[in-house]
Amino acid sequence: MRNCPALPSAVSSSAFQSKPDGGILRIDGLLLNIASIQTSGFDWKAELLTAEGNAGQFRISWANTHLSDYKETVPGPSGDITVDRAGTELGSPERAFVEWKSTLSADWYYGDWAARLAFQYYSDLDEDCGGMTAAFELWDEFCSRGQDGNDIDSVLFTNVQATWTPQARGEGNWSVQVGIDNLFDETIPFCASCDLNSFDGTIYPIPGMFWYTRVNYSLD
């Protein structure tokens, strides 16, 4: 709009409709999405299921997600700006672009019983120390590299679960399940620029061990 009087062209002036006396009749200010995101990566999974024996049946599963690139392009004062966010934490708003996520689980089935042991891995991240950390100039207190940023460590969570599903007696089926997430009370990686509670709740669980019990009932 500002370019039209100074540098009249089809591009800068096409949104204006003029009156016969030269005044502006209408401005068609349509929104135009000129940003872009290009991302690439791959998922893979391997699974082993044993035959049922005297000790029951076992299944081992390993699922992985690898983020190769996550490039955001936005217009800048001197042209488009492209940032590769793979392996970084945005912080505000909280968005983590984890390069490697992996889950290894082992299941055991025996009669009415089932049990699971699972490991969840998240690779390390890099963040700029923005948000309140920058606002109060607390880089030296909270950022491992000062004003150059902060390293968010990789983390491994261990979860366990047991399920009892008795044979149906009459109408309906029911099961009882107990479990513990974050069995070893692993510390949640610290985020210096995150908006809430100094960690990214979009990918990490609430700090501490989480115990749960579920009772399910379903009709045939």
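What counts and how
Residues numbered from 1 in each chain as written. Predicted model: local features only at pLDDT ≥ 70, side-chain atom pairs only at ≥ 80, totals over all residues. Heavy atoms only, no water. Core = buried A, V, L, I, M, F, W, Y, C linked by side-chain atoms within 4.5 Å. Buried < 20%, exposed > 50% of the residue type's maximum accessible area, 1.4 Å probe, protein only. Contact = heavy atoms within 4.5 Å. Patch = residues over 30% accessible without salt bridge, like charges linked within 9 Å, V, L, I, M, F, W, Y side chains within 5 Å. Areas by Shrake-Rupley, 256 points an atom, 1.4 Å probe, with all protein chains shown as cover. Salt bridge = Lys/Arg side-chain N within 4 Å of Asp/Glu carboxyl O. Lys, Arg positive; Asp, Glu negative; His and termini not counted. Charge placed at Lys NZ, Arg CZ, Asp CG, Glu CD. Helix = DSSP H or I, 4+ residues; strand = E, 2+ residues; numbered from the N terminus. Phe/Tyr/Trp six-rings, centres within 6.5 Å; stacked < 30°, edge-to-face > 60°. Disulfide = S-S within 2.5 Å. Pairing = 2+ DSSP bridges. pLDDT = per-residue confidence, 0-100.

**With respect to the nonpolar core**
Here is step 1: In this structure, Val98, Tyr122, Leu125, Phe157, Ile203 and Tyr204 are the most contacted members of the largest nonpolar core, which totals 13 residues.
Here is step 2: Once you skip the residues sitting within four places of it in the chain, Phe157 turns out to touch Ala118, Phe119, Gln120, Tyr122, Asn182, Glu186, Ile188, Tyr204 and Pro205.

**Describing a negative patch on the surface**
Here is step 1: Among the surface-exposed residues, Asp84, Glu99, Asp124 and Asp153 lie close enough to one another that they form a single negatively charged patch.
Here is step 2: For Asp84, the location among the structural elements is in strand β5 (residues 79–84).

**A short note on the packing of aromatic side chains**
Here is step 1: Inspection of the entire model under this criterion finds ten aromatic pairs.
Here is step 2: Note on Tyr122 and Tyr204: the rings are 5.7 Å apart at their centroids and 80 degrees apart in plane angle, and the pair reads as edge-to-face. Here Tyr204 lies in the loop between β12 (173–181) and β13 (210–218) and Tyr122 lies in strand β8 (residues 113–122), a separation of 82 residues in the sequence.
Here is step 3: Put simply, the rings of Trp113, Trp164 and Trp174 pair up and form one aromatic cluster.

**Examining a nonpolar patch on the surface**
Here is step 1: On the surface, a nonpolar cluster with roughly 550 Å² of combined accessible area is contributed by Phe42, Trp44, Leu48, Ile60, Trp62 and Leu104.
Here is step 2: Put simply, the parts of the chain that give the nonpolar patch at least two residues each are β3 (36–49) and β4 (57–76).
Here is step 3: Within the secondary structure, Leu104 is located in strand β7 (residues 100–110).

**Some points on the state of the cysteines**
Here is step 1: The tally for this structure, following the rule as stated, stands at two disulfides.
Here is step 2: Paired by a disulfide, Cys129 and Cys143 hold their sulfur atoms 1.9 Å apart. Between Cys129 and Cys143, the S-S torsion sits near -135 degrees, and that sign places the bridge as left-handed. Of this pair, Cys129 sits in the loop between β9 (125–127) and α3 (131–135) while Cys143 sits in the loop between α4 (139–142) and β10 (150–152); the two residues are 14 residues apart in sequence, bridging distant segments of the chain.
Here is step 3: One disulfide in the model links Cys191 with Cys194; its S-S distance is 2.2 Å. Because the torsion about its S-S bond is 90 degrees, the bridge between Cys191 and Cys194 counts as right-handed.
Here is step 4: Numbered by order of appearance in the sequence, the disulfide-linked cysteines of the protein pair as 1-2, 3-4.

**Remarks on the sheet that holds β9**
Here is step 1: Sheet architecture is open: three strands sit in the order β6-β9-β10, paired in mixed fashion. Only two strands of the sheet have a single neighbouring strand rather than two, namely β6 (88–89) and β10.
Here is step 2: Bridge count between β6 and β9: two bridges; the pairing is parallel. Each bridged residue has a counterpart across the sheet, and for Glu89 the counterpart in β9 is Glu127.

**Notes on the confidence of the model for the protein**
Here is step 1: Averaged over all residues, the pLDDT of the protein is 87; the fraction at 70 or higher stands at 86%.
Here is step 2: Note that residues 6–12 has pLDDT below 50 and, in this model, six contacts with residues that lie over four places away or in other chains.

**Observations regarding the pattern of salt bridges**
Here is step 1: Under the criterion given, the structure shown has seven salt bridges.
Here is step 2: Residue Lys45 is joined to Glu47 by a salt bridge in which the shortest nitrogen-to-oxygen separation is 3.8 Å.
Here is step 3: Exposure remark for Lys45: the relative accessible area of 58% places this residue in the exposed category.
Here is step 4: Here Asp107 makes a salt bridge to Arg116, at a shortest N to O gap of 2.7 Å.
Here is step 5: By relative accessible area, which is 6% here, Asp107 ends up buried.
Here is step 6: Each of Arg59, Asp107 and Arg116 takes part in one network of salt bridges that share partners.

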